[in-house]
Each structure stands twice: as C-alpha cells, then as structure tokens.
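In case you want the letters, here they are:
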Amino acid sequence: MSQYEDLTSELLMGMRLYGVNYQRIDVCAPFGLRFDNAPGRAQFHFVGRGSLLVRGASGEIFSLNSGDALLVPHGKPHSLISSEDAECECINKLESKPICDSVCAIAAPADACQDAHSVILFSACMAFELGGMQPLINTMPDVMLVSTLLSQYPEISPILTAMERESRTRQAGFAGILSRLADVVAALIVRGWVENGCGQSSGLVQAMRDPRLSQAIAAMHREPGENWTVERLARVAGCSRSVFAGRFLSATQMTPLRYLTELRMRLAVQRIVNNGEAVEAVAWQLGYGSLAAFSRAFKRIVGQSPGALRAGRVSTQAVAS
C-alpha cells in the first residue's frame, strides 16, 4: 500500500460525525426550505420520495430525485426548493415535533396536499471532523452528490433503497435506523471523493501524492508526539534538508514544523473536547515537555487556551482550517 493510500485510510478512520440533529421533513409544492450558514458543520439531505431542486451558495442549481442524497460539507447556505421561483422560509422557523432522541419531524398541514404528492426528506446537521486531516474539508466542493458515485460504488444503492423504504413506511424504530444509514452514506460520499483524487485539490493533497513528502507526512501522523526536526523529516523523505523544506513549502504553503504544530493542535482539540482527556496528558502525548509550552502553541493556533476550550467556552471547530 502506498503512503497516499495509508494517509487516505487514516482520513477515513478519523472521520467523525457527531452532535447530529436529524429531521424528517414532509412537504408539498410549492415549498422552499432555506438552510442558513452553519460554519464548522455539514448538512446531509436524502430524498425519500418525490423530487426537488437544490440551490447552492453560489446559485448553482442541482436536481434531486427519490433515492438521491447529497452532502454540504462546509455548512454553507443553501435551499431545497420545489421550483426556481419558490419563496424560501428558514428551516429553523418551521414547527417541529420530536420523534425520538436527536430526530424530529417537520410536516406540512394535514390538508395541504395529498400524501402521495408530498416530498419526503431526511436531513442531518452534523459536526464533521477528519481528525489530523481536517484541512481537507476546506478543499471539498460546496455540494457533493451521491449520484456521481453510484456507477463506481454500486454498494451504495442498497443503502439508499433501505433509507427510501424506512422514510416512507415509518415502521417502529425507523428514525434511529435512518440516522445510522445517513451516517454511512455521508461517509461513503467522502470516501468516494478521496478515492477519486479529491477533485482538483492542491496543497495537502498535492503533498500526499508526492512519494517523498508523503513519507514524511505519514510519519508525522503516525507519531505526532515524536521530536521531529526538519533534518529528521528530510531523512524519512529520502532527500536533503533544503530540497525537502522547499518542496514541502511549495506544496502546502507552510513549513514542515508549522504543519506539525497545526496537526498536533487539531489532535489536541479532538482529544480534549471530544475524548475528555486531561490537558496535561495531551500535552505530553503530543511531544511537549511542559504545559506552558503546549499552552502557548495551542493559544497561538487555536486562539484560546486549552483550559478555556475544555471548559466549553469556545467552539470545537476553532482549528478546522
């Protein structure tokens, strides 16, 4: 397996969708559902019945039919509409009723249209984390369609069929099953994007594809707490210090040690906030000999002290980019 494949495997293993809020939406034309800007969060939509249009942040229009799904990885504003001239209402202003833990229902009035003509959607707003590979989220397109992957990954089709059935029939436990299937489909969309070369992305992706640079990047990801220097990383990459440093800077627009520091801080945020680990333990694991040195580096990259982050006073997405 190549270092590029190793790194993409790490990306997928580190992927987490958490803090998810799911909605089963039953509407009929004309309708317009607006999803406002949600930095640091991804939005997933699945069409269980009917068809609609999606207007992205750039104004581009996409068509979705029954069984289609999409991911908006950056949480940018977008709308689900019955037609291009439909008026939109913010989804958060619509009345919702809880179905089960983390899943609620939004429905049109009972007499608004016949059930057979309504559009059924299943949506999820989630915190989207790729662990040490978090910068790749910034390189993802605004809208990622599952339909572009079906011919290459036919195993997705049965999952979409199961989601379609669950969203329509509403059998016992359907909301919980839908939420789990939505997580799987979102992960498959990301995997398809990665395995297809991450579009035309540059930066980290370019470095990952470089046989020499990927050796050094993989080493930093495997052992982020190691006492890495530019000289040691150059030896791992199999080239001179000056050649390695120049190629790394050209590919990523940052020095190797800056990359290492940002990697450590992304991992620190994950371990302190999501895993509940002690700040002192995280500092030691990530190669800092003193808590003061770790705290200075953390505040410089994240913008807040690790203690403040642990206390929940800042967003867990502060180091997403």
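To be clear, the structure that these remarks concern was listed above.
Model, not experiment: these values are computed from the prediction. (Residues numbered from 1 in each chain as written. Predicted model: local features only at pLDDT ≥ 70, side-chain atom pairs only at ≥ 80, totals over all residues. Heavy atoms only, no water.)

J.: Can you walk me through the side chain of Gln 43 in this structure?
T.: Here Gln 43 is to be found in strand β3 (residues 41-49). Judged by its relative accessible area of 8%, Gln 43 is buried. Among the polar contacts listed, one links the side chain of Gln 43 to the backbone oxygen of Ala 124, at a separation of 3.2 Å. The contact partners of Gln 43, leaving out residues within four places of it in the chain, are Phe 35, Leu 70, Leu 71, Val 72, His 78, Ser 123, Ala 124 and Cys 125. (Helix = DSSP H or I, 4+ residues; strand = E, 2+ residues; numbered from the N terminus. Buried < 20%, exposed > 50% of the residue type's maximum accessible area, 1.4 Å probe, protein only. Polar contact = N/O pair within 3.5 Å; in protein donor to acceptor, adjacent residues only side chain to side chain. Contact = heavy atoms within 4.5 Å.)

J.: When you look at the sheet that holds strand β8 (residues 89-90) in this model, what are you seeing that I'm missing?
T.: Sheet strands line up and pair through hydrogen bonds in the backbone, either parallel or antiparallel. Across the sheet, which stays open at both edges, the 5 strands sit in the order β5-β4-β7-β2-β8 with mixed pairing between neighbours. At either margin of the open sheet sits one strand with a lone partner, and together these are β5 (61-65) and β8. (Pairing = 2+ DSSP bridges.)

J.: Sorry, what's going on with the packing of aromatic side chains here?
T.: Aromatic ring pairs are reported here in terms of the distance separating the ring centres and the angle at which the planes meet. Here the structure, examined in full by the defined rule, presents 5 aromatic pairs. Judged by centre distance (5.7 Å) and plane angle (20°), the rings of Tyr 22 and Phe 122 are stacked. Taken as a pair, Tyr 22 in strand β1 (residues 16-27) and Phe 122 in strand β11 (residues 119-129) lie far apart in primary sequence, 100 residues in all. Residue classification places Phe 122 among the buried residues on the basis of a relative accessible area of 1%. Plain terms: the ring middles of Phe 244 and Phe 248 are 5.7 Å apart, the flat faces sit at 55° to each other, and that makes the pair tilted. (Phe/Tyr/Trp six-rings, centres within 6.5 Å; stacked < 30°, edge-to-face > 60°.)

J.: Just to check I follow, could you spell out the environment of Ser 242 for this structure?
T.: Inspection of the secondary structure puts Ser 242 in helix α7 (residues 241-252). For Ser 242 and Val 230, which are 12 residues apart along the polypeptide, the C-alpha to C-alpha distance reads 9.1 Å.

J.: Would you mind showing me how to read the side chain of Arg 49 here?
T.: Position of Arg 49 relative to the elements: it lies in strand β3. When its relative accessible area of 14% is taken as the criterion, Arg 49 is described as buried. Within the structure, the side chain of Arg 49 is placed 2.6 Å from the side chain of Ser 118, a separation counted as a polar contact.

J.: How should I be thinking about the environment of Lys 299 in this particular structure?
T.: Here Lys 299 lies in helix α10 (residues 291-302). For Lys 299, a relative accessible area of 52% gives the class exposed. Along the backbone, Lys 299 and Met 265 are 34 residues apart, and their C-alpha atoms lie at a distance of 9.3 Å. Excluding anything up to four places from it in sequence, Lys 299 contacts Gln 304 and Ser 305.

J.: Explain the pattern of salt bridges to me, please; I cannot follow it from the model alone.
T.: Between side chains of opposite charge, a pair can form when the charged atoms approach closely. Counted according to the given criterion, the structure contains 7 salt bridges. Residues Asp 210 and Arg 247 are paired through a salt bridge, measuring 2.7 Å at the closest nitrogen-oxygen approach. One end of the pair, Asp 210, is in the loop between α4 (204-209) and α5 (211-222); the other, Arg 247, is in helix α7, and 37 residues separate them in sequence. The partner of Arg 258 in a salt bridge is Glu 262, with the nearest N and O atoms 2.8 Å apart. Remark: Glu 262 and Arg 258 occur in helix α8 (residues 256-274); sequence separation between them is 4 residues, near one turn of the helix. Given the relative accessible area of 36%, Arg 258 is considered partly exposed. (Salt bridge = Lys/Arg side-chain N within 4 Å of Asp/Glu carboxyl O.)

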